[in-house]
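Below are the chains, spelled out letter by letter.
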Amino acid sequence: MAIGGMVVSNVGRNYEGSGLNAFVVVTCLVAAMGGLIFGYDLGISGGVTSMEPFLERFFPSVYRKMNDETVHQNEYCKFDSELLTLFTSSLYLAALAASFVASVITRSFGRKVSMLIGGVVFFIGSILNGAAANIEMLIIGRLLLGIGVGFANQSVPLYLSEMAPAKMRGALNIGFQMAITIGILVANFVNYGTAQIKGGWGWRVSLGLAAVPAVMLTVGAMFLPDTPNSILERGNHEEAKRMLQRVRDAVNVDDEFQDLVDACEASKKIQNPWKNILLPQYRPQLTICILVPFFQQLTGINVIMFYAPVLFKTLGFGDNASLISSAITGVVNVLATIVSIVSVDRFGRRVLFLEGGTQMIISQIAVAVLIALNFGVSGEGVLTKPEADLLLVLICAYVAAFAWSWGPLGWLVPSEICPLEIRSAAQAINVSVNMFFTFIIAQVFLSMLCHMKFGLFFFFAGFVIIMTVFIYFFLPETKNVPIEEMNRVWKAHWFWGKYIPDEAVIGGPTTKSTTTTDHGDDYNKPANNVV
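Calculation criteria
Within each chain, residue numbers correspond to sequence positions counted from 1 in written order. Given that this is a predicted model, residues contribute local features only at a pLDDT of at least 70 and side-chain atom pairs are listed and counted only at 80 or more, while totals for whole chains, interfaces and linings are drawn from all residues. Only hydrogens and water are removed before side-chain values are computed, so all heavy atoms of the structure are retained for them. UniProt positions are given in the numbering used here, feature names are shortened, and annotations may be inferred rather than shown by experiment. Burial classes follow relative accessibility: with a 1.4 Å probe on protein chains only, a residue under 20% of its type's maximum area counts as buried, one over 50% as exposed, and anything between as partly exposed. Helix numbering and strand numbering both begin at the N terminus, where a helix is a DSSP run of H or I of at least 4 residues and a strand a DSSP run of E of at least 2. By arc we mean the arc of the directions from the helix axis to the C-beta atoms, nothing more. Contact between two residues is taken to exist if any of their heavy atoms lie within 4.5 Å; hydrogens are not considered. For this analysis, a polar contact is any N or O atom pair within 3.5 Å, provided that within protein one partner can donate a hydrogen and the other can accept it, and provided that sequence-adjacent residues contribute only side-chain to side-chain pairs. Note on aromatic pairs: the rings of Phe, Tyr and Trp (six-membered ring only in Trp) are paired at centre separations within 6.5 Å, and the planes decide the class, stacked below 30 degrees, edge-to-face beyond 60, tilted for the rest. Throughout this description, the term charge over a ring refers to an Arg CZ or Lys NZ atom that lies within 6 Å of the ring centre and within 35 degrees of the ring normal. On a scale of 0 to 100, pLDDT captures the predictor's confidence in every residue.

Looking up the protein chain in an unreviewed UniProt entry gives the name Major facilitator superfamily (MFS) profile domain-containing protein, with the organism given as Cannabis sativa. Annotation of the protein chain in UniProt includes, under Subcellular location (unreviewed entry), the sentence "Membrane". According to the UniProt record, the Sequence similarities (unreviewed entry) comment for the protein chain reads "Belongs to the major facilitator superfamily. Sugar transporter (TC 2.A.1.1) family."

**A few points about helix H1 (residues 22-32)**
Think of an α-helix as 3.6 residues a turn; residues three or four steps apart then line up on the same face. Among all positions in H1, only Phe-23, Val-24, Thr-27, Cys-28, Ala-31 and Ala-32 are buried. Buried residues along H1 cover an arc of 155 degrees about the axis, so they all sit on one side. Those residues of H1 that are exposed and angled more than 90 degrees off the buried face are Ala-22 and Leu-29. Elements that come into contact with the buried residues of H1 comprise helix H2 (34-48), helix H6 (111-130), helix H7 (135-163), helix H8 (169-194) and helix H12 (237-248). With a side-chain oxygen lying 3.1 Å from the backbone nitrogen of Phe-23, the N-terminal cap of H1 falls on Asn-21.

**Things to note about the packing of aromatic side chains**
Counted under the stated rule, the structure contains 28 aromatic pairs. The interplanar angle of 50 degrees and the centroid separation of 5.4 Å between the aromatic rings of Phe-294 and Phe-295 together place this pair among those described as tilted. When the ring centre of Tyr-472 is taken as origin, the NZ or CZ atom of Arg-350, which lies over that ring, is 5.8 Å away.

**Comments concerning the confidence of the model for the protein chain**
Across the protein chain, the average pLDDT comes to 81, with 83% of residues at or above 70. In this model residues 1-12 is a low-confidence stretch, pLDDT under 50, and it forms 46 contacts with partners more than four residues away in sequence or in other chains. Note that residues 507-531 has pLDDT below 50 and, in this model, 83 contacts with residues that lie over four places away or in other chains.

Printed below as a string of C-alpha cells:
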C-alpha cells in the first residue's frame, strides 16, 4: 500500500549467529511457563463459579435465585451478581497495581527476579483460595494471585523478546500465549473432574491446584539466566557480552552487542522513563501499548475465557455439558495458538491480525443472531441439540481466530516495539491497560448480559470492526526486525514517521533505498511502511 506515492525501504543488519539454538529454546520454554499461572486462573474461575456447592457456600443469593422454581427466570440474568463477578475481577485489579511495581523491579533487578516474585506470591494466593473459609479469605487470595499475574505478565514477554533472535522472536514470544492456552485447557479439564467429586468440595481442588504452575514458574525462574539487555542495563558489559555469545551461539557478536550498548547508553540518559515515554518521539509506541491491550479485551474474549461454563449454562446447556463445551473451546484455543506460532514469523503480524479480526466479526454476529432467534429479548427459550451444536461451532471459530491473532499478538507486539530506555515502563502500561479492562469486562459482563442480552455480542463485534481498521492503517509490519532497530519501522510508516527523529534510527536517518539484505522477509519490503 502506498500513501503519498513514495515507498521507503528499511535496511537492517544480519547479525552473526542469529539462528536458533538449544540454550535459547530451553530458556524461553522455561520462561514461558509464566503464562501457565495466568491461563490456569482464567480457566478455573469460570468453572468454579458455575459449581453449585461453591455458590451455596460463598454466594447464597445467586444459588437461591438459580434454584428457585417459583420465581420467573430470565435466562440472561440468572447469574447476575456484583459480588460474584468481584471474585473473578478482583485479581485483575491487583495485577494492574502490581504491574507498576514490577516495572521498577524488572528494570532495576532484571526480568528473572520479577518472575520469581510472581511465582511465589501466586503460590501463596492459591493456597489461601483452596483453604478459604469465608468470602474475605477468598478475595484476599484472589488479590495475591493478581499480584503474581502482574509480575509475570510484566516480565515474561520482555524476557522472551530479548532472548529470541529476530527471525524467531514471534514464535518464541508466542510461547507465553501458548502457555496461557494450555493453562486454560488444563483448568477446564480440572473443573470437569472436580465437579464430579462427591461432598461438594471439588472447588477447593480446582483453586488449590493453581499452586502447581506457581511452583513450576518459581523453580524455573531460579535457574534462568538473565537477558543480555537486562545485564547490560545494570552495568555489566563483559557478562552481557558473554551471555549474548551464548544466546546467539557465536563468538563474533560485535555488531549486535554494539547496538545493545548504544541502546543502553541512550537508556541511561533517560532519568524518568515514565515522563519520557510521553515525549513525541515515543508517541507510536505509547499509542500501540495502550490501544492494543485495550482492543484485546474489547474483543469480548474474556466473556468466553472467564465465564464459558456460566455462559453455556445460561444458554441452556446442562452442568456437565457446559463444562465439556468449555473444555472443547480450550482445545481449540491451544491448537489455534500453534497455528500462530508456525505462521507469525512467516506471514507476519498484520496478516494474522486482519484475518483473525474478520473471522471474529463474522462469528460474533452469527452468535448474536442465533441467540436472538431463540431467546429474544425476554430471555425465554431453549436451544435444540442442532442449534446448541451450531452455537458451540461458532464460538470455537471465534476462539480460534482470537488464538492465532489478538491473543498472542496482543502480548508480542507491545513487547517488541519499544527501545530499551522506555521498555519496562511501556510494558507496565501494556500490562496495566490489559488488566484494567480485563477487570472491567470481568466485573460488568454478567450485568451486561442481563441488560443487553444478545446485543452484547453485537457490541463486541462493533469493537472488533474498529480495531481491525486501526491495525490496517496504523500498525506497520515488525516481523524479523531486530528489536534494537525497530525505530526504522516507525520512521518508514506513513503516519508515525513524523514523530521519529532521524537520530533515533540506528545507522542514521532512514532514506530511500533499493539495497536489500538476506533477511528473507518483508523487512525490506514493508507492508504499510510508507510515507
